[in-house]
Protein chains: 8
Amino acid sequence: MDREQMLEALCAVRSGEMAPEAALRLFAQAPYEDIGYAKIDHHRGLRNGSGEVIYGAGKTAEQISGIVGRMIAAGGENILITRMDADKAAAVARVAPLFYDPMSRVGIANRVERPLVGSVVVASGGTSDLAVSEEAALTAEALGSRVTRLYDVGVAGLHRLLSHLAELQSARAVVAVAGMEGALASVVGGLVDCPVIAVPTSVGYGASFGGLSALLSMLNACASGISVVNIDNGFGAGFLANRINRMKGIEA
Amino acid sequence: MDREQMLEALCAVRSGEMAPEAALRLFAQAPYEDIGYAKIDHHRGLRNGSGEVIYGAGKTAEQISGIVGRMIAAGGENILITRMDADKAAAVARVAPLFYDPMSRVGIANRVERPLVGSVVVASGGTSDLAVSEEAALTAEALGSRVTRLYDVGVAGLHRLLSHLAELQSARAVVAVAGMEGALASVVGGLVDCPVIAVPTSVGYGASFGGLSALLSMLNACASGISVVNIDNGFGAGFLANRINRMKGIEA
Amino acid sequence: MDREQMLEALCAVRSGEMAPEAALRLFAQAPYEDIGYAKIDHHRGLRNGSGEVIYGAGKTAEQISGIVGRMIAAGGENILITRMDADKAAAVARVAPLFYDPMSRVGIANRVERPLVGSVVVASGGTSDLAVSEEAALTAEALGSRVTRLYDVGVAGLHRLLSHLAELQSARAVVAVAGMEGALASVVGGLVDCPVIAVPTSVGYGASFGGLSALLSMLNACASGISVVNIDNGFGAGFLANRINRMKGIEA
Amino acid sequence: MDREQMLEALCAVRSGEMAPEAALRLFAQAPYEDIGYAKIDHHRGLRNGSGEVIYGAGKTAEQISGIVGRMIAAGGENILITRMDADKAAAVARVAPLFYDPMSRVGIANRVERPLVGSVVVASGGTSDLAVSEEAALTAEALGSRVTRLYDVGVAGLHRLLSHLAELQSARAVVAVAGMEGALASVVGGLVDCPVIAVPTSVGYGASFGGLSALLSMLNACASGISVVNIDNGFGAGFLANRINRMKGIEA
Amino acid sequence: MDREQMLEALCAVRSGEMAPEAALRLFAQAPYEDIGYAKIDHHRGLRNGSGEVIYGAGKTAEQISGIVGRMIAAGGENILITRMDADKAAAVARVAPLFYDPMSRVGIANRVERPLVGSVVVASGGTSDLAVSEEAALTAEALGSRVTRLYDVGVAGLHRLLSHLAELQSARAVVAVAGMEGALASVVGGLVDCPVIAVPTSVGYGASFGGLSALLSMLNACASGISVVNIDNGFGAGFLANRINRMKGIEA
Amino acid sequence: MDREQMLEALCAVRSGEMAPEAALRLFAQAPYEDIGYAKIDHHRGLRNGSGEVIYGAGKTAEQISGIVGRMIAAGGENILITRMDADKAAAVARVAPLFYDPMSRVGIANRVERPLVGSVVVASGGTSDLAVSEEAALTAEALGSRVTRLYDVGVAGLHRLLSHLAELQSARAVVAVAGMEGALASVVGGLVDCPVIAVPTSVGYGASFGGLSALLSMLNACASGISVVNIDNGFGAGFLANRINRMKGIEA
Amino acid sequence: MDREQMLEALCAVRSGEMAPEAALRLFAQAPYEDIGYAKIDHHRGLRNGSGEVIYGAGKTAEQISGIVGRMIAAGGENILITRMDADKAAAVARVAPLFYDPMSRVGIANRVERPLVGSVVVASGGTSDLAVSEEAALTAEALGSRVTRLYDVGVAGLHRLLSHLAELQSARAVVAVAGMEGALASVVGGLVDCPVIAVPTSVGYGASFGGLSALLSMLNACASGISVVNIDNGFGAGFLANRINRMKGIEA
Amino acid sequence: MDREQMLEALCAVRSGEMAPEAALRLFAQAPYEDIGYAKIDHHRGLRNGSGEVIYGAGKTAEQISGIVGRMIAAGGENILITRMDADKAAAVARVAPLFYDPMSRVGIANRVERPLVGSVVVASGGTSDLAVSEEAALTAEALGSRVTRLYDVGVAGLHRLLSHLAELQSARAVVAVAGMEGALASVVGGLVDCPVIAVPTSVGYGASFGGLSALLSMLNACASGISVVNIDNGFGAGFLANRINRMKGIEA
């Protein structure tokens, strides 16, 4: 409920069109639908610039299907479901048209074609970072961004990365995905002049400590213009990259 | 040295205007000036979208003065110096016109007026976060962004934050600065639809562990569109906020 | 054995009704029953204000059944069993009437109806915190408190929480359950004037580190009146909430 | 602004006594006073059951004096200031009548006598925990609770603790302060049937890691009815103990 | 090879009974038997006061059987095997007479009766610490100590522990086994005047972090005379308790 | 108060020599003296096998002097004071005869000659571990043990250690003090057959993390018969070494 | 692409043999083959002194087989594959001749005999470190080094290690593999005068924390000439040992 | 004492030239000089390939001067003293000719000219890493290696590093010094084919945690041929680099 709607309601109260009690109920009324195990927020798209996203990890197939069903009934399209195992995806596919990528475990229900705009680059260090990278890429695409994938461009073979300099430098936002020492973010950050979103991954062994090593490394990146999301949070990076990519210019 | 310059040099070699050995030297030649204790990168502004920034913490007053002198000689303006103690600032002020803010320890040498554009909000949780908040705000301003400061709006008194909802929601980028539990980032992230850059601060006691608590909290923020910079890294947040704020729209 | 009983015994010794050796044995005698793998404390209810609770995680189905059997034989009612897997519950159900909630893995043996009093609110941030939340709610109910459940009211969607302000503000104790960044405790703490018991949960991924992130965040909560129990310790929170809820007023 | 006040304002709008724009301003208006470096919340006492408390650590003597002055001007009494060094206290004492305890660094401005009620016990393990213990005790007293101090009753000399059993068992809330291994909370928790608030202290050496050892120990306390506040947070424990101590009974 | 043997060999060299090369080989020759995957140290009993112990966790059933076979062939008795799963025990039982305790996973091959001497007490906090406690108790017994088991005497029910005061105070060494907050070691340490060996266990949940909480707590125990072994290291504690228990008096 | 005294008192009650109320007071009466800032436990020597020890770190010179004065008045000799800075020692020396070692900051008030018995070896790795080593050695000596010091015998120069093999192997208890990698405990543990008490020290730099590295290393020592005390806890090690050294043989 | 090739290409441009555009493509062209899920770097052998190595952990059997196939097609021999499970090895064996060691999970495809040179010693502490030790040994052998294995020479039985002193002291590089307390590296480091590469292993229990204890211990090793690789990184140690072993002397 | 000397002594015993007791003393005799607070190892140069090095941090000026004096008396040259503060250096300079570098706090007593051989490169990321870098460089030079310094070549400005490719690629050993995210080691490791020794530095702020971030990053470096020394351990890196640099080729 935004400022304007509030003013409108208050005017309706003054004019007698609305009883004070009704206004009170309206103000207190949450713009979500309560289906027992979740409160679906149909208005989040309006407030936050994108539709509801379903975090699949802690939910049963029935819960996900139920939420998807309600959202489609409310007109939802391109409904993103993250961290959804294949068997849950199979269950959801029975109640709604579903695109599903098993590697990143990303699903998109009621997917509709729409033009992709701008330029997001998702760069990653090694084969083992592919799942997180795809989560980022599919998220950004589902939200409307054009995505270029630069995989296996880790810093131990610098020439692989440098041979894609042109693509990197034409991006409006770069997502840098890396596990182990996470140096990719620093190196990329020194090469581009757009925001870089670093995603540490839990891939690795030994003293990588489930992504902690890459996380600390990325937080300490010397280049400017880099920020970090949570370990393995490909979705968060893709979401933010899309938000940045789709920014409008400052109005004169 | 970009693709175009490289092609140009190769053409000069073909035409005989340039010897192959000279081209080789040119390719290998770094676009920086070596003054012994530092290599000043005059071209970074071109490559990275902003001028050189001097991280003052590990440098002597003489080193900072020296670098500033060279940069001004090379035409530099609005040269940002972070983490500079007051006594170093006094020394620098002797060799160059200097704006200096003692709380955030930010200096700006050869400051020139220029129009500030767009809208960056810097919000912070408590009085003790002011130094980091100002580092972020002064950085963004030095780089050309208009900044609104919302200080002392911590989540324990939610109404203080909510009373500034309009300012928050009209921002193009929000910097959320908080120590202790760092909840400000989550709450702000749920209220706006622009990128939110969270800065954990080392303010606090007990189990705040020098900012670790706020850092982890912010990395785990449930709202989307949030990313995190290093503990107390007000500069990094301000730099990134400016970069996002000043983005142009996607060209048709 | 309390002060009064001790005095009584000493008087019996003086009067010759009890031999000194007998008194010595009495003082040394523990008010528990030793059944080999456990020492059941039938008097704890008297000393501590509530009956024995069985922590099911480290015990076999046989051990739990045995303890329950002895406690019922000693007149026990509403015997709470926490962290009990479904198969153990099935075994226990064969020796005693058992209520069992598979999500929170809470069992209540020999459950009897009794009036619920006062008002405890259990609030939680997301669908994935339900198990811990229910452990808290069922515990408080089993011990005699009336419980209101406010689930899925995380701070990323502040309006969901604020729409339940009245219920929150009429509580005598609030249990705030949250994983990830744990900001719920801070926000709730700023809205109510009763004790808030924060329960960090191990739900999450990345740098949530099995609940550490939420734990640190809650310990650092800026609002006053908040204390914290162990990660996932829904039982402890429900137990304490009941104790606070059922407090009597100060006698004049 | 509570539900009732909101309804009242809406009625005033309907009756024409108040313009919608005025109501809107009213709703948006925060009930605090902005003095530049802080926003003083005069209504917190109403909302939260106690007056504003000033956390002195991150503030200058001038800032503290300024806030105290405004609060006294607004009728404030028994204004608690924590973590205030002696020199700051001297400065504050120049602008307001001030009680100051140098060990705990607690100050109480504009202190007025009032009857202390109920019973809070503050128990601590060793001489070195006195500062934190006193912060808790003075806080609870400033807020109106009668406090009994049991200091130097660590578990290595169990008889010291047991000789105070009667005082412990008659408390309505116990604050258990301990550094090092923090076992005091567990032992006390097994002896009483009121809420126990554990405060880990940073006192210690070696692997006590600034209080982490005691913090973890207390979180893992086996006894029920224990919750934990932040390391060295005597204020938080005293605040919560007072809140619990002063609870009214459930109305029939 | 001790000093005396060395001197003896040197004399044999001088007398010509032994060639220098032979002595050199002798000095260099390790008093162990190399069976490929392990070097069995038949002399360790002489050097270290007890026979070889086999750590079963990292070895295959075949390896354990092989080592046991060689040791029995070399006259070994009461050969202790720790951390041996039931299936490995079954395999070993085929090649040697074997006592096996499935809870603690301790095996004793070629067990022979011998008088147990002195007094070791193994005390533990809860049912879940039984496995580690039994590892300690069986180890001390296998090495010749008389052991008294005091299980389920955690500090939350202090009277359980105090009712065994006489047994505790007559011990020559106490092993205190506890998980969670590990307070048992502190309390026991304050009650006895013999060495106390504390064993933290990994039992627990939440912020017990696999025994770290109990470990830190025990290291910080306030009572004197306590030392700590590794988490879950019942064997190490039993071994050391036996060594202390069997000490001879100082010779006049 | 031990079992025998308790029985005696009960007999006095039966015989009418003592009123029950008096016995009750006696039982509840703690055998310590309360001097405000501390409770001095004159009986600890009886219960625990050694006199009271004063931990000087958290106490003022006045407090230490006061406690020492009371203990000497009660007949105390060889009163050990640890972690006492030189200026506090000077103050104490004014009220009691005091031996003071500035390196280890150990003081012994009212020191009296007595025969030292048995054999404790204190071995340390490097020059920088001397302070902690001396704390251990002086403690063991003050309590009556003969001590041999083997300093600067770190494992990087194995021959230094091996040249003292005879002294090591004739010890009844060894204290192994080491910082950095703490390997000394493991190596010593493999060479002797008496209990080894390992003391990690906070000496070191880089990833020694204030002694954590040595602590973990020692806890994981492969040799048997090793236990560990807290970082820098020379006192605890010396105390325990003395206790072990002075053990009597098992009575037939 | 090295300096010489670059100069050569530039000369070809000058002479007109190569168009500038072609040179540009050449410079930008990465010397790897892109097969979709990986970019194979055929030239790494030239640049880095050894062939490509395949890290098998994060790859499917199909991916490994595919890469191996391409590398053999490009003339690759002695292709090392690390962290490859037995079932993946079986799949790879169908497309290429494969040596496979199940314990260390090392595979060598298209293995060819070649003379082994120099001397690398791989020493390890216990039976449980064998897998990592073999990974190191097989890696060094596959790259051309002669390897001596000294297994089960932990510091708790120092004589085992000392009996191999001659082999240790004739090595050109030593790999010291150890879990638990990691003291082997320190002791070995004090005995030899060649580089020592320490490999912490995750073997252990309790406070070994997945190898962290050994890692910290090794980083803090007192002896000089020691460096450390990641936990369990037998490959890295073997690779580096081979590189050091095969160094040529300094040219006059 | 090596194998040959041992055999020689044994032969002397056989021939009667040496008494067995004398040989025993010889074997047991440590080749060091004991000066009370330290045991100086004059033979370490023979055993370990370099002279004694004095770690100055934990020693007094008198101790350092004393050790230096003895070493010079024993013919020592180029005696390296690390971590020596300026005032200690001044004291040492009074007893011996001393080179001293205040930034790295490295001293070299009795410095003599000698030819430097081979090629060690010390590369570092930023101005703030200079102290550690110089410690490494001066150490390697003092031990006889020719050193090239490449400072301020951090990965955020990749061209600075790449412009020194030739120097890097002609090194026989590279020391890579970096704080913050430590990415320099990875990038350098991918560019050279000699051993790379990574030195994490404690320079940085926020989540660099005293060098932990760089340490973990370097341990997880993706490139092969990299090993790591302790945080800030410039000496260790320089020592090892010299050892590798000066390796002889394998003899045919």
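Everything that follows concerns the structure shown earlier in this document.
Residues numbered from 1 in each chain as written. Chains lettered and ligands numbered in written order. Predicted model: local features only at pLDDT ≥ 70, side-chain atom pairs only at ≥ 80, totals over all residues. Heavy atoms only, no water.

**Some remarks on the pattern of salt bridges**
Stated precisely, the cut-off is as follows: Salt bridge, as applied in this entry: a Lys or Arg side-chain nitrogen positioned within 4 Å of an Asp or Glu carboxyl oxygen. Every helix listed is a DSSP run of H or I at least four residues long, and every strand listed is a run of E at least two residues long, numbered separately from the N terminus. Relative accessible area decides the class of each residue, using a 1.4 Å probe on protein chains only: under 20% of the type maximum gives buried, over 50% gives exposed, and in between gives partly exposed.
For the structure on display, the rule yields 32 salt bridges over all chains. For Glu135(G), the salt bridge is made with Arg83(G), and the minimal N-O distance between the two is 3.1 Å. Pair noted here: Glu135(G) is in helix α6 (residues 130-142) and Arg83(G) is in the loop between β4 (79-82) and α5 (86-93), with a separation of 52 residues, a long-range link. Judged by its relative accessible area of 3%, Glu135(G) falls in the buried class. Taken together, the shared-partner salt bridges connect Glu134(A), Glu141(A) and Arg149(A) into one network.

**Remarks on the interface of chain A and chain B**
Put simply, the test is: Note on definitions: a residue-residue contact is assigned when non-hydrogen atoms from the two residues lie within 4.5 Å. Here the quantity called buried area is the accessible surface, traced with a 1.4 Å probe, that two parts lose on coming together, added over both. Each polar contact in these results corresponds to two N or O atoms within 3.5 Å; when the atoms are within protein, one needs to be able to donate a hydrogen and the other to accept it, and residues that are neighboring in sequence are counted only if both atoms are side-chain atoms.
Taken together, the contact pairs 34 residues of chain A with 34 residues of chain B. The junction of chain A with chain B conceals about 2900 Å² of combined surface from both sides, 57% of it contributed by carbon and sulfur atoms. Of all residues in chain A, Leu219(A), Met247(A) and Ile250(A) bury the most surface against chain B, accounting for 21% of the area lost on that side. Joining chain A to chain B, the criterion identifies zero salt bridges. On the surface where chain A and chain B come into contact, there are 12 residue pairs in polar contact (both at pLDDT 80 or more). Contributing elements (two or more residues each) for the side of chain A that touches chain B: α3 (44-48), β7 (117-124), α9 (183-191), α10 (212-219), β11 (226-228) and α11 (234-245) of chain A.

**As for the side chain of Thr82(E)**
Residue and element names in this part refer to chain E. If you trace the backbone, Thr 82 turns up in strand β4 (residues 79-82). According to the relative accessible area criterion, Thr 82 is buried, its value standing at 4%. Ignoring sequence-local partners within four residues, the contact set of Thr 82 consists of Val 53, Ile 54, Tyr 55, Gly 56, Ala 57, Arg 105, Glu 135 and Phe 235.

**Thoughts on the packing of helix α10 (residues 212-219) of chain F against helix α10 (residues 212-219) of chain G**
Definition in use: Geometry is summarised by axes, namely lines fitted to C-alpha atoms with helices restricted to the contacting stretch, and by angles between N-to-C directions that run from 0 to 180 degrees. Should an angle fall under 35 degrees it is called roughly parallel, over 145 degrees roughly antiparallel, and 65 to 115 degrees roughly perpendicular, with every other angle called oblique. Crossing handedness follows the turn of the near helix against the far one: under a right angle anticlockwise gives a left-handed crossing, and clockwise gives a right-handed one. Here the term charged refers only to Asp, Glu, Lys and Arg, the term nonpolar to Ala, Val, Leu, Ile, Met, Phe, Trp, Tyr, Cys and Pro, and the term polar to all other amino acids, Gly among them.
Direction vectors running N to C along α10(F) and α10(G) enclose 125 degrees, while the axes themselves pass 8 Å from each other. Between α10(F) and α10(G), the angle is such that the two are oblique. The two elements α10(F) and α10(G) cross, and the hand of that crossing is left-handed. Side by side, α10(F) and α10(G) meet where Ser213(F), Leu216(F) and Ser217(F) of the first sit next to Ser213(G), Leu216(G) and Ser217(G) of the second. Residue classes in the contact of α10(F) with α10(G) are distributed as two nonpolar, four polar and no charged.

**Quick look at helix α6 (residues 130-142) of chain A**
All names here are of chain A. Cut-off, in case you're wondering: A helix is expected to span 1.5 Å multiplied by its residue count minus one.
Look at α6: 18 Å from first C-alpha to last across 13 residues, which is about the 18 Å you get at 1.5 Å a residue. The buried fraction of α6 is high, at 12 of 13 residues. The complete set of buried residues in α6 reads Leu 130, Val 132, Ser 133, Glu 134, Glu 135, Ala 136, Ala 137, Leu 138, Thr 139, Ala 140, Glu 141 and Ala 142. The first or second residue beyond α6 is Gly 144, which carries a positive phi of 110 degrees.

**A few points about the packing of helix α4 (residues 61-73) of chain H against helix α5 (residues 86-93) of chain H**
Residues and elements named next belong to chain H. Packing of α4 against α5 leaves a shortest axis separation of 9 Å and a crossing angle of 40 degrees. By the criterion of interaxial angle, the relationship of α4 to α5 is oblique. Crossing of α4 against α5: the hand is right-handed. Residues Ala 61, Ile 64, Ser 65 and Val 68 of α4 form the contact with α5, whose own contacting residues are Lys 88, Ala 91 and Val 92. Class assignment for the residues of the contact of α4 with α5 results in five nonpolar, one polar and one charged.

**Observations concerning the packing of aromatic side chains**
For clarity, the threshold we go by: For Phe, Tyr and Trp, where Trp contributes only its six-membered ring, two rings pair if their centres lie within 6.5 Å, and the inter-plane angle classes them as stacked under 30 degrees, edge-to-face over 60, or tilted in between. Two conditions define a charge sitting above a ring: the NZ of Lys or the CZ of Arg must be within 6 Å of the ring centre, and it must be within 35 degrees of the ring normal.
The final tally for this structure, using the stated rule, is eight aromatic pairs over all chains. Relative to Phe239(F), the ring of Phe235(F) lies with its centre 5.8 Å away and its plane at 55 degrees, an arrangement referred to as tilted. A residue pair is termed a helical-turn pair when its members lie 3 or 4 positions apart in one helix, as Phe235(F) and Phe239(F) do in helix α11 (residues 234-245) at four residues. For the pair shown, Phe235(F) and Phe239(F) are each scored as buried. A cation over a ring is seen here: Arg111(B) above Phe99(B), with NZ or CZ 4.0 Å from the ring centre.

Shape is all these values report; function is a separate question.
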